[in-house]
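Analysis of the macromolecular model
So you can see what is in the structure, the chains are spelled out below.
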Amino acid sequence: MSAIVTLYYLYWRVTSTFNQQALFFSWSLWIAECFGAITTFLFFFAVWRPRYREAPPAIPGRTVDVLVPTKNEPEAVLRKTLLACGDLRYPHRTLVLDDGNRPAVKKLCEELGCVYLARETHEHAKAGNVNFGLAHSTAEFIAIFDADHAPLPWFIDRLIGYFADEKLAFAQAPQEFYNIDSFQHRADHEKKYVWTEQGLFYNLIQPGRDRWEAAYFVGSCAIMRRAALDDVGGFATGSITEDMLTSVKIHAKGWKSAYHLEPLAYGIAAETIHPFHIQRRRWSLGGWQVFFTANPLFVRGLTFPQRLCYLGSLIYPIEGFQKLVFYVTPPIVLFTGVLPMQALDITYLMHFVPYYALALFAYNEMGRGYAGYLLLEQFSMGKFVTYLQSFFSLLLPRRLRQFKVTPKGEQPSAPHALLAPQIAVAGGSVLGIVFALWMLLAGRRSDEFIIAVNSLWALFNSGLALAIIVYARSKFEQRRGDFRLFDSVPVRVGWDDGGKPVRRGAVAEDATETGLSIVAAGEIPKNRDLSLEIELPRVTVRATGHVKHAKTAAAGNDVVGRFGVAVTGVTGELDTLSRYLRESSVAKFLAEYSTRYRTYLDKRLAKEPERRERAPRLPAPLPASIAANGGRPALGAIRNVSDTGMLLASREQLAAGDRVAVEIAFREDAETLRGIVVRVVERGSDEYPEWVAGVRFENTGVDAINRIVAVATALSTLR
């Protein structure tokens with residue numbers, strides 16, 4: 001219905017509404033509307049029937065080389081990735097392709113057992129680098145990861161089974177990003193919902209294109225068949241987005257691809273506005289290069305659906321010109337009174353409003369809960385000049401449009417001029433409204449309806465501009481070097497108090513390799529060297545540190561606090577912590593967040609899930625000794641509590657119906673909470689198992705429950 005109405009609207013616009021006195025203006029707006037229709041139709045085509053695959057059984061006995069290209073990424077970021085590559089279960093080699101020729105990276109490879117390769121010349125950027133690695137590999141399959149993407153141990157096992165099909169060239173997994181405070185994310189921590197600008201692509205567009213054998217390689221988080229790469233002469237070097245061009249060439253040769261929608265590696269999204277724009281400019285410039293040098297409409301060997309899917313990926317930078325037209329049209333009308341149509345009256349609105357409303361509704365429903373129209377429009381406002389710059393970069397000499405690595409894990413400063421276009425849109429829109437109203441009040445214009453409609457349009461544009469300006473200003477700098485991964489990890493903290501050793505239990509709410517945010521009953525001194533025993537499942541990591549900041553609150557006679565602890569020293573045990581964070585904490589943390597909202601039809605047609613009323617829960621990350629069915633107690637943590645029950649994180653297996661005794665130690669005494677397990681969710685991994693159990697209180701005194709609830713209430717004031 002939306003497609004039919006859109007086609008009729010565009011036909012009516014071009015045949016009945018053009019202003020003959022302003023043909024350039026009229027054609028510009030109509031072409032911009034046509035571009036929107038084309039991209040929407042291509043989107044509908046691509047996502048009409050997404051394909052969601054189940055991983056086939058792994059094929060044993062194949063040879064796999066893991067390639068990790070790097071240029072100037074921080075050593076700390078690369079180390080995490082190489083540790084994760086070393087933990088891949090399937091037999092493999094890890095080859096580090098260092099285009100920065102750095103002695104420190106070579107030493108890191110020697111330490112971690114990786115093969116270090118560095119070429120003398122650096123032509124063709126990333127594509128040339130991975131081809132150099134390919135020349136030093138004889139493996140049947142190649143797994144490739146960006147320097148910031150740490151794979152899960154079962155990455156190869158989950159994808160290698162697809163290659164039982166001898167015509168399959170590559171299996172691609174989504175690029176997942178764990179730093180949900182990045183520029184491209186919007187997170188609602190209370191509702192446990194996170195939206196990301198790339199979510200629509202990885203969760204819907206790639207599965208949709210997979211139905212048409214057109215899911216493409218995205219440069220990382222994939223396994224590729226060596227024979228397919230040899231068939232197309234290796235990774236393509238004709239574009240700085242070598243991944244898309246390589247995919248086009250592979251599909252044109254008749255090879256197949258598979259897209260597996262399961263997070264199997266986690267990386268770092270561009271943290272701030274500056275690297276975000278560097279990345280998007282590189283992608284769009286590469287798209288232009290493919291469009292003009294290997295346009296899929298004309299490449300022999302592609303199927304018609306593949307041509308359409310690739311076309312949708314290549315023309316998106318034209319959005320920069322489309323949005324420019326949409327942003328300047330209202331101010332032009334408000335300042336000059338010249339319209340891009342014969343008249344802006346009720347007849348026009350009777351055609352426009354149904355078309356626009358139905359188009360928005362259809363796009364949202366076809367987006368399956370991943371679209372987020374207003375957020376996408378905000379990002380379009382933020383990127384339109386970046387896309388324009390990428391087009392005009394084609395006119396520059398090759399040396400001035402060289403490949404630029406997206407800065408990650410760093411804290412680069414961003415030029416405030418990045419927001420100048422958005423400020424211009426907001427300022428021009430508001431000035432246009434003020435000018436038109438002044439002319440109207442002065443009696444120099446009488447087109448009230450035209451001014452009203454264009455003022456609303458201008459206000460919408462200025463609202464988008466202000467929204468992205470306000471958000472971007474908070475993302476000019478990355479205040480924290482590493483994103484904290486939320487978890488509930490028991491920690492034993494010790495220090496010397498005038499010759500008397502003190503030990504206290506605590507829980508790390510979030511963690512990195514360099515810092516912890518811990519909660520403890522009682523106070524932890526700031527100016528003392530601390531010993532830390534971080535109790536991971538099945539292993540204890542010992543480290544040292546000191547409190548950098550602290551907040552405490554009283555809960556009756558108890559004192560509780562949140563303490564920011566800087567972890568000092570780099571040891572092999574901290575590598576164990578890094579492995580735990582990347583293999584277990586990331587997956588557990590992101591599993592708590594929904595990435596999909598419910599659309600209108602979801603709410604009206606799908607059966608509502610049953611929701612049981614329960615007492616309000618208060619976060620209460622406290623260390624606990626958990627004993628099930630009278631057995632030996634094991635260290636764990638309380639996650640939240642109410643006056644009827646609690647949520648536990650246990651390192652020992654629990655099952656529904658188990659009776660548990662949970663002891664919480666305070667400064668001078670302890671409380672024991674007793675209850676029955678009513679539900680259990682297994683989390684973590686094989687190496688780091690964890691069970692999260694919902695417990696209903698039984699045989700527990702009211703005073704003990706009230707004490708824990710009071711402590712949780714006090715903790716909530718410290719956030």
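Further up the page is the structure itself.
What you see is a predicted model; the values in this text were computed from it and never measured.

Criteria and thresholds
- Residues numbered from 1 in each chain as written.
- Predicted model: local features only at pLDDT ≥ 70, side-chain atom pairs only at ≥ 80, totals over all residues.
- Heavy atoms only, no water.
- Helix = DSSP H or I, 4+ residues; strand = E, 2+ residues; numbered from the N terminus.
- Rg over C-alpha atoms; globule rule 2.2 N^0.38 Å.
- Buried < 20%, exposed > 50% of the residue type's maximum accessible area, 1.4 Å probe, protein only.
- Contact = heavy atoms within 4.5 Å.
- Lys, Arg positive; Asp, Glu negative; His and termini not counted.
- Charge placed at Lys NZ, Arg CZ, Asp CG, Glu CD.
- Expected span 1.5 Å × (residues − 1).
- Pairing = 2+ DSSP bridges.
- Polar contact = N/O pair within 3.5 Å; in protein donor to acceptor, adjacent residues only side chain to side chain.
- Axes fitted to C-alpha atoms, helices over the stretch in contact; angles between N-to-C directions.

Focus on the overall build of the chain
Looking only at helices and strands, the chain features 19 helices and 24 strands. For 719 residues, the compact-globule formula gives about 27 Å, and the C-alpha radius of gyration of the chain, at 29 Å, lands near that figure. The C-alpha extent of the chain, read off along each of the three principal axes, is 90 × 70 × 50 Å. Taking all 719 residues of the chain together, the buried fraction comes to 56%. Looking at the chain alone, contacts between residues at least 24 apart form 75% of all its contacts between residues at least 6 apart. Taking the average location of the 81 positive side-chain charges in the chain and that of its 72 negative ones, the two points are 4 Å from each other.

Regarding helix α13 (residues 346-366)
The terminal C-alpha atoms of α13, which comprises 21 residues, lie 30 Å apart, in line with the 30 Å expected from a rise of 1.5 Å per residue. Taken as a whole, α13 has its buried residues at Y348, H351, Y355, A359, A362, Y363, E365 and M366. The inward-facing, buried residues of α13 contact α1 (2-16), α2 (23-47), α7 (199-211), α14 (373-393) and α18 (600-605). Phi turns positive one or two residues past the end of α13, at R368, with a value near 55 degrees.

Focus: the pairing of strand β4 (residues 141-144)
Covered by surrounding structure in β4 are F141 and A143 together with I142 and I144, the residues of both alternating faces. As paired elements, strand β1 (residues 64-70) and β4 share four bridges and run parallel to each other. Each residue of the ladder has a partner; that of V66, found in β4, is A143. Pairing of β4 with strand β10 (residues 222-225), which is carried by four bridges, proceeds in the antiparallel orientation. Across the sheet, I142 pairs through a bridge with M224, a residue of β10.

Considering the side chain of Q289
Assignment of secondary structure puts Q289 in helix α10 (residues 273-293). Residue class for Q289 comes out buried when judged on its relative accessible area of 9%. Of note is the side chain of Q289, whose polar atom sits 2.9 Å from the backbone nitrogen of I240.

Here we look at the sheet that holds strand β13 (residues 485-497)
Strand order around the closed barrel formed by six strands is β13-β14-β15-β18-β17-β16, with antiparallel pairing between neighbours. Each strand of the sheet is rotated relative to its neighbour by a mean of 40 degrees, with strand direction disregarded. Where β13 lies against strand β16 (residues 530-536), four bridges are found, and the strand directions are antiparallel. Bridged to V491 within β16 is I534. Relative to strand β18 (residues 558-568), helix α19 (residues 702-716) is tilted by about 50 degrees, and along the sheet it contacts β15 (515-521), β17 (539-555) and β18.

Function cannot be read off these values alone, since they describe shape.
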